[in-house]
Amino acid sequence: MNKKDIRKIIASVISCAMILTTPGYIYGQGLGETVYQAQTYLSQNAFYEEQIAINKSQAVQHIYTVDTTINDSVMPYVFVGDVARKSSLSYMKGLLAEEGYTVIAGINGDFFDTSTSVPLGMSMHEGKMKNSGLNNSNALGFNADGTAFVAPVLFNYTFTVNEETVYTFDHINKPKGISNSLHFYNRQYAETTQTITNSIEVVFEALDSSEPVINDSIHGVVIGINDNTKNTAIGDNHIVLSAGINTPGAETLSNLIIGDHVSFTVTDETGMWQEATEAIGAYEIIAQNGVVSTTNTALNPRTALGIKKDGGIMLYTVDGRRPGYSLGMNLTDIATYMVERGCETVINMDGGGSTTMLARMPGEEDAKLMNLPSDGKERSVSNALFLVSKNQGSGITNNLHLYPLTTFMMPGAQVQFTTKATDEMYTPAPLPDHIVYEVENGMGHINSDGLFTAGETTGKGQIIAESGGFLASASINITQDISIYPDKTNIIIDPGKTVDINVTALSGYVPVTSSDNLFTWSLDAHLGNIDQNGVFVATNKSSVSGNISIAYNGITKTIPVQVGLSEISYTDIQDHWAQNNIELLTEKGIVKGMGNNQFLPDAQITRAQFLTMISNTIVGLDTNTAEAANFTDVQETDWYAPYVNWAYEHKIISGNPDGTFSPDAPITREEMAIILNNFTTSTGMTFSDIIDSVSFIDENLVSPWALNGVIMVANTGIMNGRPEGNFDPQGFATRAEASKVVFNVISFGEK
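Residues numbered from 1 in each chain as written. Predicted model: local features only at pLDDT ≥ 70, side-chain atom pairs only at ≥ 80, totals over all residues. Heavy atoms only, no water.

**Q** I'd love a proper account of the overall build of the chain, names of residues and values included.
**A** Helix and strand counts for the chain stand at ten helices and 48 strands. On the principal axes, the C-alpha backbone points of the chain span a range of 95 × 75 × 45 Å. Looking at the chain as a whole, 57% of its 751 residues qualify as buried. A fraction of 68% describes how many contacts in the chain between residues 6 or more apart in sequence connect residues 24 or more apart. (Helix = DSSP H or I, 4+ residues; strand = E, 2+ residues; numbered from the N terminus. Buried < 20%, exposed > 50% of the residue type's maximum accessible area, 1.4 Å probe, protein only. Contact = heavy atoms within 4.5 Å.)

**Q** Could you give an account of the pattern of salt bridges, naming the residues involved and the relevant values?
**A** Opposite charge on two side chains permits them to pair, given that their charged atoms come into close proximity. The final tally for this structure, using the stated rule, is 16 salt bridges. With a shortest N-O distance of 3.4 Å, R607 and E671 are connected by a salt bridge. Within this pair, whereas R607 is found in helix α6 (residues 607-615), its partner E671 is found in helix α8 (residues 669-682), the two being separated by 64 residues in sequence. Taken together, the salt bridges that share partners define one network made up of E49, D67, K308 and R341. (Salt bridge = Lys/Arg side-chain N within 4 Å of Asp/Glu carboxyl O.)

**Q** Summarise the sheet that holds strand β17 (residues 238-244); cite the residues concerned and give the values.
**A** As summarised here, the arrangement of the eight strands in space is β12-β11-β18-β16-β15-β17-β14-β13, forming an open sheet in which the pairing is mixed. Each end of this open sheet is capped by a strand with a single partner; those strands are β12 (165-168) and β13 (171-172). (Pairing = 2+ DSSP bridges.)

**Q** Describe the confidence of the model for the chain, naming the residues involved and giving the relevant values.
**A** Per-residue pLDDT for the chain has a mean of 89; in total, 94% of the residues score no lower than 70. For the stretch residues 1-25, pLDDT sits under 50, and the model shows 51 contacts to residues farther than four places along the chain or on other chains. (pLDDT = per-residue confidence, 0-100.)

**Q** So what's going on with the nonpolar core? Which residues, and what values?
**A** Of all hydrophobic cores here, the largest spans 92 residues; its most connected members are L315, F452 and F536. If we ignore the near neighbours within four places in the chain, the residues touching F536 are I493, K497, T498, V499, I501, L523, L527, G528, N529, I530, I548 and V561. Core analysis: the second largest hydrophobic core is formed by 52 residues, L584, I605, V713 and A738 among them. (Core = buried A, V, L, I, M, F, W, Y, C linked by side-chain atoms within 4.5 Å.)

**Q** So what's going on with α8? Which residues, and what values?
**A** Look at α8: 20 Å from first C-alpha to last across 14 residues, which is about the 20 Å you get at 1.5 Å a residue. The buried count for α8 comes to eleven of 14 residues, which makes it a mostly enclosed element. Of all the positions in α8, only R669, E670, E671, M672, A673, I674, I675, L676, N677, F679 and T680 are classed as buried. Once α8 ends, the next one or two residues include G684, with phi positive near 70 degrees. (Expected span 1.5 Å × (residues − 1).)

**Q** How would you sum up the environment of H445? Please name residues and give values.
**A** Positionally, H445 belongs in strand β33 (residues 444-446). By relative accessible area, H445 is classed as exposed at 52%. Linking H445 and Y48, residues 397 residues apart in sequence, is a C-alpha distance of 29 Å. Leave out the neighbours within four places in its chain, and H445 touches L451, F452 and T453.

**Q** For α6, give the residues involved together with the corresponding values.
**A** Most of α6 sits out of view: nine of its nine residues are buried. For α6, the full list of buried residues reads R607, A608, Q609, F610, L611, T612, M613, I614 and S615.

**Q** How would you summarise the packing of α6 against α8 if you had to cite specific residues and measurements?
**A** With their axes 11 Å apart at the nearest point, α6 and α8 run at an angle of 30 degrees to one another. The angle between α6 and α8 places the two elements in the roughly parallel class. Here the hand of the crossing between α6 and α8 comes out right-handed. Touching R607, F610, L611 and I614 of α6 are E671, M672, I675, L676 and F679, all from α8. (Axes fitted to C-alpha atoms, helices over the stretch in contact; angles between N-to-C directions. Parallel < 35°, antiparallel > 145°, perpendicular 65-115°, else oblique. Left-handed = near helix turned anticlockwise from the far one by under 90°.)

**Q** Lay out the pairing of strand β8 (residues 128-131) with the relevant residues and their values.
**A** Relative to β8, strand β7 (residues 123-125) runs antiparallel, the two sharing three bridges. Pairing of H125 across the sheet is with K128, part of β8. A loop of two residues connects β7 with β8, the two strands running antiparallel in sequence, and E126 in this loop sits at a positive phi of about 55 degrees.

**Q** Account for the sheet that holds β33, naming residues and giving values.
**A** Read from one edge to the other, the open sheet built from three strands follows the order β30-β34-β33, with strand pairing classed as antiparallel. Two strands close off the open sheet at either side, each with one partner strand: β30 (414-416) and β33. Direction aside, neighbouring strands of the sheet carry axes that sit 15 degrees apart on average. Relative to strand β34 (residues 451-454), β30 runs antiparallel, the two sharing three bridges. Bridging from a neighbouring strand, Q416 pairs with L451 of β34.

**Q** Help me get a handle on the packing of α6 against helix α7 (residues 641-649), residues and values and all.
**A** For the pair α6 and α7, the least separation of the axes is 9 Å and the interaxial angle reads 70 degrees. Of the possible angle classes, the one that applies to α6 and α7 is roughly perpendicular. The residues of α7 that touch α6, namely those facing L611, T612 and S615, are Y643, V644, W646 and A647. Among the residues making up the contact of α6 with α7, the classes are represented as five nonpolar, two polar and no charged. (Nonpolar A, V, L, I, M, F, W, Y, C, P; charged D, E, K, R; others polar.)

**Q** With reference to specific residues and values, describe the environment of S326.
**A** Within the secondary structure, S326 sits in the loop between β23 (313-318) and α4 (331-340). Residue S326 is classed as buried on the basis of its relative accessible area, which comes to 0%. Spatially, the C-alpha atoms of S326 and T267 are 45 Å apart, while their sequence positions differ by 59 residues. Excluding residues within four positions of it along the chain, S326 makes contact with V60, Q61, H62, V318, D319, G320 and R321. For S326, the side chain forms a polar contact with the main-chain nitrogen of H62, separated by 2.8 Å. (Polar contact = N/O pair within 3.5 Å; in protein donor to acceptor, adjacent residues only side chain to side chain.)

**Q** Break down the packing of aromatic side chains for me, with residues and values.
**A** If you walk through the whole model with that rule in mind, you get 24 aromatic pairs. Arranged with centres 5.4 Å apart and planes meeting at 80 degrees, the rings of F184 and F264 form a pair that is edge-to-face. Of this pair, F184 sits in strand β14 (residues 183-186) while F264 sits in strand β18 (residues 261-268), and the two are 80 residues apart along the sequence. Neither residue differs from the other here; F184 and F264 are each classed as buried. Ring geometry for F204 and F264: centres 5.2 Å apart, planes at 85 degrees, overall edge-to-face. One end of the pair, F204, is in strand β15 (residues 199-206); the other, F264, is in strand β18, with 60 residues separating them in the sequence. For F204, a relative accessible area of 0% puts it in the buried group. What links up through ring pairs into an aromatic cluster is the set F149, F155, Y157, F159, Y167, F169, F184, F204, F264 and W273. The ring of Y485 has K557 lying over it, and the distance from NZ or CZ to the ring centre is 5.8 Å. A cation sits over an aromatic face here: R669 above F727, 4.7 Å from the ring centre. (Phe/Tyr/Trp six-rings, centres within 6.5 Å; stacked < 30°, edge-to-face > 60°. Lys NZ or Arg CZ within 6 Å of the ring centre and 35° of its normal.)

Here it is as structure tokens:
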């Protein structure tokens, strides 16, 4: 094929490719304005989409969806494993691979009991019940033909002894605790019953299967009766019935003897579960019959599932608790958006730190983690819903795919594009030997190895790869409209030492490929030297301060620099645990003393003082331009009035219900946390490291309005709890504690 022919094909391909990979700037109900999207097929009828959106409150959301129709090539698989055990989705994926399944996509599943790891709802795989849910709770089911539905779990559980006497039991593979219920256990639950109170536990040898089937019976014979015991071992082919001593269930079990033949039956009273092969708990329905049925407005990481009008399903996840990257969504907006996308029913699955999505991109061997969990890593969960396939492709090349799908980049920046080939099942296939690349509209240059260098022309375009008559496209967006985020917001350095400053560029909240040498670097001459790549070599002199500047397209970012120790100190902070923090913040003009050369580190700090302190971390901030907040207790002549007005204008504070701000009141630790959280969100601050999820022994004492803020500042390490393991939310913060958290903001954050 010659270049003329390629260009003719490109012209027609671009119009189609735009549907799949062009960044959109569209508004969706519940979602907001989409500023980035990348899309691709994962299989013949499973479609993946990644979006970055800005909601009506200017909060950023990073979203991942998979749309599919269940058929022979894409099947649902509810993974439970041992019911009383948690695993990561990546671990589950490996076990599915051992069964011969290819995982196309997957999401975390049901809410679960954190103390026992057992799902709250009913689970089923291949028609066999793994555990029961509470009666009248809902579950998502799939029939053998792929039809998805939601129905209440309303089952009767009975066992018949020697074909004569019928008894009832209450639960299948659920933790018994101290309840009076009669429980059924098999090896699917755990290696033991994990009962914690003395019980009578009867052991059966299964004669056909140990796993119940709805509207059918399984059979066993009594081989052991353990009286006044607990935590009985469960063999691979065993069933155990357990009831606490002196309960009605214990009286029932006392009628059994060794050798009794028993049949166990689960009967569906709704008539909706007869054909179901897979099921997973549906704890909360947030849209029914295309109508939103929730009013939840709390922002969190979320996992949801929608059943569409056309019979398809949508897997939906959104990251959260990461200021500057993604704050999450509320359930009302998720339900609204998914209904707009064609979902009749929307289910809120487990979210928060559990939110996880895996997907196998075309040409890859297996599925990978797509989202960024709020813990910084995958959390182990009780169960998951996977989309899988057992169909093997032909291995004959049928498609080309060009990665990355969508790229924002600065003029002059470089991106390495990679071409992959797949067969008709989107599994890897041989890549043709010779690939020809074309760039739309002369927007840059791409070499024969796929290395693209952006030109000076800004705008949107396409890159096309052609080989063997197959074509693939990727979207590029070249922009100068960026914000600059150096990885150092301040530098404290010893004389003569070197530090390499790296810059991240964002267009809004969308990452932009850049290079440090595309920025203009300068510094106060007495600080030392800095090269065009941002490598700073400090002067050999000590007690020197100044600024490094990074400029691009009329925007300048300033980094305060301190070389050597500061000579500023106070008479009352010598040997204080916060001495270094206080001295460095004083050097930068962020904090001031309280007169008589004293800082009063252990005195309570007021709401106005803390607000002023955190505002001073923004270099060059002019608070005098803000409109008056009109709090009744803040006068225009008060020294803190400009800071209060600025913070109110930027949604960092909201004041009290009675229209006051209480500027001179001591600030509580939870009030400090919510201001910190709002400040990082408003200023677009991101954090390079999110530590493992933090919990406190008094978390139940945190006011509901402050809980998200406390979780965020704790998980980012900005604010710590007390040594005793509590957060002390209503305790008053000291000036030293405030200095510490403000120092953490300028040290950890990347504004």
